[in-house]
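Architecture and fold: a report
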Amino acid sequence: ESLTRAGKFFVDAFWTGKVGGADKLSPNQANTLERQQIMEFKKRYKVTGGKGSKGGKGGNNNLPGNYAGRSIDSTSELVLCLDGKDECIGCAGVEVDKIK
């Protein structure tokens, strides 16, 4: 569910109302872009399933903040900013790697 909210937010924030683009996406366009974005988030952040999930590490989601779910490899996280209505109003992807 968190990745779905983040995917919808991302599509709304980055694909609608842009210069040279449509003011509003058709339902089919929005659904297609949302599915693609959610698949990308799943691949990039390798989410274990969030609170209470079994397997992977950090399944109990003990960190502060609103995480989309703990990633399996611990090198990346998708952090969501939720408002008082529990709606996604922002997100940030964080990736860590050694500099060689």
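Everything that follows concerns the structure shown earlier in this document.
For the structure given in this document, a descriptive report is provided here.

**A closer look at the pattern of salt bridges**
Tallied over the entire structure, the rule returns four salt bridges. Notably, a salt bridge pairs K43 with E40, separated by 3.9 Å at the nearest N-O pair. Pair noted here: K43 and E40 are both in helix 2 (residues 27-45), with a separation of three residues, about one helical turn. Judged by its relative accessible area of 58%, K43 falls in the exposed class. Exposure remark for E40: the relative accessible area of 28% places this residue in the partly exposed category. R44 is the partner of E95 in a salt bridge, and the nearest nitrogen-oxygen pair spans 3.7 Å. Within this pair, whereas E95 is found in strand 3 (residues 88-95), its partner R44 is found in helix 2, the two being separated by 51 residues in sequence. For E95, a relative accessible area of 52% translates into the label exposed. Residues participating in the shared-partner salt-bridge network are E40, K43, R44 and E95.

**Structural notes on the packing of aromatic side chains**
Scanning the model with the defined rule gives two aromatic pairs in all. Between F10 and F14, the aromatic rings sit 4.5 Å apart at their centres with planes inclined by 45 degrees, giving tilted as the arrangement. Of this pair, F10 and F14 both sit in helix 1 (residues 2-15), separated by four residues, roughly a single helical turn. Considering the side-chain rings of F10 and F41, the 5.7 Å spacing of their centres and the 80 degrees angle between planes classify their relative orientation as edge-to-face. Taken together, the residues F10 in helix 1 and F41 in helix 2 connect sequence positions 31 residues apart. These aromatic residues form a ring-pair network of at least three members: F10, F14 and F41.

**Some points on unusual backbone geometry**
Located in the positive-phi region is D86, a residue other than glycine, with phi close to 65 degrees. Given the relative accessible area of 42%, D86 is considered partly exposed.

Cut-off values and rules
- Residues numbered from 1 in each chain as written.
- Predicted model: local features only at pLDDT ≥ 70, side-chain atom pairs only at ≥ 80, totals over all residues.
- Heavy atoms only, no water.
- Salt bridge = Lys/Arg side-chain N within 4 Å of Asp/Glu carboxyl O.
- Helix = DSSP H or I, 4+ residues; strand = E, 2+ residues; numbered from the N terminus.
- Buried < 20%, exposed > 50% of the residue type's maximum accessible area, 1.4 Å probe, protein only.
- Phe/Tyr/Trp six-rings, centres within 6.5 Å; stacked < 30°, edge-to-face > 60°.

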